[in-house]
Amino acid sequence: MVRNFYGALRVRDDDVGTDYATRNLLHGTINHGSQRLTEADQYNVGSYYGPNSGIGRTMAEVQARGPIRYGVVGLGAGVMSGYARQGDYVRIYEINPVVPVIAKSEFTYFPHSEADKDILMGDARLVMEKQESPQYDVLVIDAFSSDAIPVHLLTKESFELYGRILKPDGVLAVHISNRYLDLAPVCQKGADALGRQAMVVYDEGDQYSNSTTWVLITADG
């Protein structure tokens, strides 16, 4: 367990000694990513990002075309880097300096990936504004699972920024699973501002994955 300005983070192992042994990253009661501990399952992507989730379906569709470029706002346990293959280009935005230490030492998704990968520290929106456009195929916004959401990542201006750093046919994938707030209408307004289509994808999860709600925004129906 560690604590800093951003709160307390805990790494907890559940079901140790069974086929379902899992390591979890927790911020209060909110799970920020999990990894199975059994050798056969440790690199299966689950948690909020499983193959039936909105982002899982997106990655399957886009990666079928070949190497891709994708960005992720929110590192957590590094689960989204489990999709990163050799030849892919991945940039992860993270504001909490303790999180990369945990993701690299207590979990193995990020260290294991052979992609061209990096973690960009700082407020994601400010870092993006300073970047030359990376032209992402997919941009994942995964910062809204708690009860204190970074509202500045949901404004009209932020959606316009996301549109600028995505390829014209790129997908903006927003993770809106939240116990307290319904963010789907906000994302619809963001899509309207971009002149793009939005779709809510809900899945109930399975033994590897949590139930999730994602919003996918794209110009390519």
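Located above this text is the structure these notes cover.
Residues numbered from 1 in each chain as written. Predicted model: local features only at pLDDT ≥ 70, side-chain atom pairs only at ≥ 80, totals over all residues. Heavy atoms only, no water.

### Things to note about empty space enclosed by the protein
Working step 1: Applying the stated criterion across every chain yields a total of one cavity of 30 Å³ or more.
Working step 2: There is about 50 Å³ of room inside the largest cavity.
Working step 3: Taken together, 13 residues make up the lining of the largest cavity; nearest its centre are Gly 50, Ser 53, Asp 203, Gly 205 and Ser 209. (1 Å grid on protein atoms, 1.4 Å probe; cavity = no way out; pocket = protein on both sides within 12 Å on 5 of 7 lines; lining within 4 Å. Points joined across faces, edges and corners; volume = space filled by probe spheres on them.)

### Regarding a nonpolar patch on the surface
Working step 1: On the surface, Phe 5, Tyr 6 and Ile 95 cluster together into a nonpolar patch covering about 350 Å² of accessible area.
Working step 2: Within the fold, Ile 95 resides in the loop between strand S6 (89-94) and helix H2 (98-105). (Patch = residues over 30% accessible without salt bridge, like charges linked within 9 Å, V, L, I, M, F, W, Y side chains within 5 Å. Areas by Shrake-Rupley, 256 points an atom, 1.4 Å probe, with all protein chains shown as cover. Salt bridge = Lys/Arg side-chain N within 4 Å of Asp/Glu carboxyl O. Helix = DSSP H or I, 4+ residues; strand = E, 2+ residues; numbered from the N terminus.)

### A few points about the packing of helix H5 (residues 156-165) against helix H6 (residues 184-194)
Working step 1: Packing of H5 against H6 brings their axes to within 9 Å, and their N-to-C directions diverge by 55°. Taken together, H5 and H6 sit at an angle that is classed as oblique. Between H5 and H6 lies a crossing of right-handed hand. Here Lys 156, Phe 159, Glu 160 and Gly 163 of H5 lie close against H6, whose contacting residues are Cys 187, Gly 190, Ala 191, Ala 193 and Leu 194.
Working step 2: Split into classes, the residues belonging to the contact of H5 with H6 amount to five nonpolar, two polar and two charged. (Axes fitted to C-alpha atoms, helices over the stretch in contact; angles between N-to-C directions. Parallel < 35°, antiparallel > 145°, perpendicular 65-115°, else oblique. Left-handed = near helix turned anticlockwise from the far one by under 90°. Contact = heavy atoms within 4.5 Å. Nonpolar A, V, L, I, M, F, W, Y, C, P; charged D, E, K, R; others polar.)

### Quick look at the nonpolar core
Working step 1: Grouped together as the largest cluster of nonpolar side chains are 35 residues, with contacts concentrated most on Tyr 49, Ile 55, Met 59, Tyr 70 and Met 80.
Working step 2: Where this core is concerned, the elements lending two or more residues are helix H1 (54-63), strand S5 (69-73), S6, H2, helix H3 (109-112), strand S8 (136-141), strand S9 (166-175) and strand S11 (212-218).
Working step 3: If near-sequence neighbours (up to four positions away) are discounted, Tyr 49 is found in contact with Ile 55, Gly 56, Val 79, Met 80, Tyr 83, Asp 142 and Trp 214.
Working step 4: Judged by nonpolar contacts, the second largest core, of 27 residues, contains Leu 120, Ala 124, Met 128 and Phe 144. (Core = buried A, V, L, I, M, F, W, Y, C linked by side-chain atoms within 4.5 Å. Buried < 20%, exposed > 50% of the residue type's maximum accessible area, 1.4 Å probe, protein only.)

### Some points on the pattern of salt bridges
Working step 1: What the rule picks out here adds up to ten salt bridges.
Working step 2: Residues Arg 91 and Asp 116 are paired through a salt bridge, measuring 3.1 Å at the closest nitrogen-oxygen approach. Of the two residues, Arg 91 sits in strand S6 while Asp 116 sits in strand S7 (residues 116-121), which places them 25 residues apart along the sequence.
Working step 3: Look at Arg 91 and you get buried, because its relative accessible area is 11%.
Working step 4: The class for Asp 116 is partly exposed, based on a relative accessible area of 41%.
Working step 5: Linking Lys 156 and Glu 160 is a salt bridge whose minimum nitrogen-to-oxygen distance equals 2.6 Å. With a gap of four residues between them, Lys 156 and Glu 160 both fall in helix H5, about one helical turn apart.
Working step 6: Residue Lys 156 is classed as partly exposed on the basis of its relative accessible area of 48%.
Working step 7: On the basis of relative accessibility, which here comes to 26%, the residue Glu 160 falls in the partly exposed class.
Working step 8: Taken together, the shared-partner salt bridges in this structure form one network comprising Asp 13, Arg 23 and Glu 106.

Limitation: the analysis is restricted to geometry and does not speak to function.
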